[in-house]
Amino acid sequence: MKPNYRRCISCRKLGLKEEFWRIVRVFPSGKVQLDRGMGRSAYICPQGSCLQAAQKKNRLGRSLHASVPETLYQSLSQRLAHNNTQNQT
């Protein structure tokens, strides 16, 4: 089977689907959430620079055609900090 490639909405890096975080605007409710659900989705690299650029320039909101709550950015930041602590040990 062919590998699934996705592109980061922030840095435009192309990579395997498993390398990115998935943010979904769930259909039909329009709720924006992480990882699960069917609907319009966007992918972002698990890096601080990509997350900051996406938040500053509203790239997630424009890609998903929805407003992205601040709590989603906070949970992504926490996930990033958690990943960094695991990688250092």
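Preceding this paragraph is the structure being described.
Residues numbered from 1 in each chain as written. Predicted model: local features only at pLDDT ≥ 70, side-chain atom pairs only at ≥ 80, totals over all residues. Heavy atoms only, no water.

Regarding a nonpolar patch on the surface
So, point 1. On the surface, Tyr 5, Leu 14 and Leu 16 cluster together into a nonpolar patch covering about 290 Å² of accessible area.
So, point 2. Tracing the chain through its elements places Leu 14 in strand β2 (residues 14-16). (Patch = residues over 30% accessible without salt bridge, like charges linked within 9 Å, V, L, I, M, F, W, Y side chains within 5 Å. Areas by Shrake-Rupley, 256 points an atom, 1.4 Å probe, with all protein chains shown as cover. Salt bridge = Lys/Arg side-chain N within 4 Å of Asp/Glu carboxyl O. Helix = DSSP H or I, 4+ residues; strand = E, 2+ residues; numbered from the N terminus.)

Some remarks on the nonpolar core
So, point 1. If you look at the biggest cluster of nonpolar residues, it comprises 21 residues, and the most contacted ones within it are Cys 8, Ile 23, Ile 44, Leu 60, Leu 72 and Leu 76.
So, point 2. Counting only elements with at least two residues in this core, the list comes to β3 (21-26), β4 (32-34), β5 (39-44), α1 (48-56), α2 (59-64) and α3 (70-88).
So, point 3. In terms of residue count, α3 provides more of this core than any other element does, 4 residues in total.
So, point 4. For Leu 76, the contacting residues outside a window of four places in its chain are Trp 21, Ile 23, Leu 34, Leu 51 and Leu 60. (Core = buried A, V, L, I, M, F, W, Y, C linked by side-chain atoms within 4.5 Å. Buried < 20%, exposed > 50% of the residue type's maximum accessible area, 1.4 Å probe, protein only. Contact = heavy atoms within 4.5 Å.)

Here's the deal with the packing of aromatic side chains
Any aromatic ring pair is given by two values, namely how distant the centres are and how the planes are angled relative to each other.
So, point 1. Enumeration according to the criterion identifies 0 aromatic pairs in this entry.
So, point 2. If you follow Arg 79 out to its NZ or CZ, it ends over the ring of Trp 21, 5.6 Å from the centre. (Phe/Tyr/Trp six-rings, centres within 6.5 Å; stacked < 30°, edge-to-face > 60°. Lys NZ or Arg CZ within 6 Å of the ring centre and 35° of its normal.)

Re the side chain of Arg 59
So, point 1. Examined against the element boundaries, Arg 59 turns out to sit in helix α2.
So, point 2. One buried charge, Arg 59, has no salt-bridge partner; the nearest side chain with opposite charge is Glu 70, at 16 Å.
So, point 3. Look past the residues within four positions of Arg 59 in its chain and what remains in contact with it is Ile 9, Ser 10, Ala 53 and Ala 54. (Lys, Arg positive; Asp, Glu negative; His and termini not counted.)

Points about the pattern of salt bridges
So, point 1. Summed over the entire model, instances satisfying the criterion amount to 2 salt bridges.
So, point 2. We note a salt bridge from Glu 19 to Lys 13, for which the minimum N-O separation is 3.9 Å.
So, point 3. Look at Glu 19 and you get partly exposed, because its relative accessible area is 39%.
So, point 4. Here Asp 35 and Arg 79 are joined by a salt bridge, their closest N and O atoms 2.7 Å apart. One end of the pair, Asp 35, is in the loop between β4 and β5; the other, Arg 79, is in helix α3, and 44 residues separate them in sequence.
So, point 5. Classification of Asp 35 by relative accessible area gives partly exposed; the value is 34%.
So, point 6. Taking the relative accessible area as the measure of exposure, Arg 79 reaches 24% and is therefore partly exposed.

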